[in-house]
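Structure at a glance
Letter by letter, the chains look like this.
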Amino acid sequence: MKDFRIYVDTSVLGGCFDAEFSTWSIGLIEDFRQGVFRPVLSDITAVEVARAPEQVRTLHEEMVGIGEVVSVTGDVLKIVAAYEANGILGPRYRNDLLHIALATVASVDAVVSWNFRHIVRLEKIQLFNQTNAELGYRSLAIHSPREVTSYDSDNPHSSR
């Protein structure tokens, strides 16, 4: 299943060090380490992580070492412009739009985030995917780490 590529945003990495989200973020990171999934990160994540605590930066470096990094291109910026034109999010949340556009162009299998306000939210997912379809891109599966990781809270040493 290592070919299953998952785009992770900064919230997933930071979630490893947050009591509310750590169980599931750490579970997903373990899935990456064990080769269950392949992490996809971006240059936007790198910029955001540069301002994060050292432990988050160190984890980011590890994930870059076992995953792949995608970069902003003209195609990504065209998608962001379409998202903005469709009023999905305002300019203040451009990085969130960039994350989704990067994942779209990279044709990942899923986007994983803890951002329930701008990314993992039904009406936003529908709008992102509607715009993607209008531009000729496939739909994205967008989930929280809890929905994706093979970590089992009843048996933390097992996977699916």
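Scroll up for the structure.
The structure displayed is predicted, hence computed values, not measured ones. (Residues numbered from 1 in each chain as written. Predicted model: local features only at pLDDT ≥ 70, side-chain atom pairs only at ≥ 80, totals over all residues. Heavy atoms only, no water.)

So, about the overall build of the chain. Scanning the chain for helices and strands turns up 8 helices and 5 strands. Reading the helices (α) and strands (β) of the chain from amino to carboxyl end gives β-α-α-β-α-α-β-α-α-β-α-β-α. The buried share among the 160 residues of the chain stands at 48%. Taken as a whole, the chain presents about 7900 Å² of accessible surface, with 50% of it coming from carbon and sulfur. (Helix = DSSP H or I, 4+ residues; strand = E, 2+ residues; numbered from the N terminus. Buried < 20%, exposed > 50% of the residue type's maximum accessible area, 1.4 Å probe, protein only. Areas by Shrake-Rupley, 256 points an atom, 1.4 Å probe, with all protein chains shown as cover.)

Taken in spatial order, the 5 strands line up as 3-2-1-4-5 in an open sheet, and their pairing is parallel. On the outer flanks of this sheet lie strand 3 (68-70) and strand 5 (142-143), each paired with one strand and no other. Both strand 2 (residues 38-42) and strand 3 contribute to a ladder of 3 bridges, which runs parallel. Across the sheet, residue valine 40 finds its bridge partner in strand 3, namely glutamate 68. (Pairing = 2+ DSSP bridges.)

Glancing now at the environment of glutamate 30. Along the chain, glutamate 30 falls in helix 2 (residues 22-33). For glutamate 30, a relative accessible area of 30% puts it in the partly exposed group. With 120 residues separating them in the primary sequence, glutamate 30 and serine 150 have C-alpha atoms 9.0 Å apart. Here the side chain of glutamate 30 touches arginine 33 through a polar contact of 2.5 Å, side chain to side chain. (Polar contact = N/O pair within 3.5 Å; in protein donor to acceptor, adjacent residues only side chain to side chain.)

Looking now at the packing of helix 5 (residues 74-85) against helix 6 (residues 94-106). At a minimum axis distance of 9 Å, the contact between helix 5 and helix 6 shows a crossing angle of 125 degrees. As far as their axial angle goes, helix 6 and helix 5 are oblique. Once helix 5 is placed against helix 6, the crossing between them reads as right-handed. Facing Asp75, Val76, Leu77, Ile79, Val80, Tyr83 and Glu84 of helix 5, the residues of helix 6 in contact are Arg94, Leu97, Leu98, Ile100, Ala101, Leu102, Thr104 and Val105. Here the contact of helix 5 with helix 6 is composed, by residue class, of 11 nonpolar, 1 polar and 3 charged. (Axes fitted to C-alpha atoms, helices over the stretch in contact; angles between N-to-C directions. Parallel < 35°, antiparallel > 145°, perpendicular 65-115°, else oblique. Left-handed = near helix turned anticlockwise from the far one by under 90°. Contact = heavy atoms within 4.5 Å. Nonpolar A, V, L, I, M, F, W, Y, C, P; charged D, E, K, R; others polar.)

Structural measurements only, silent on function.
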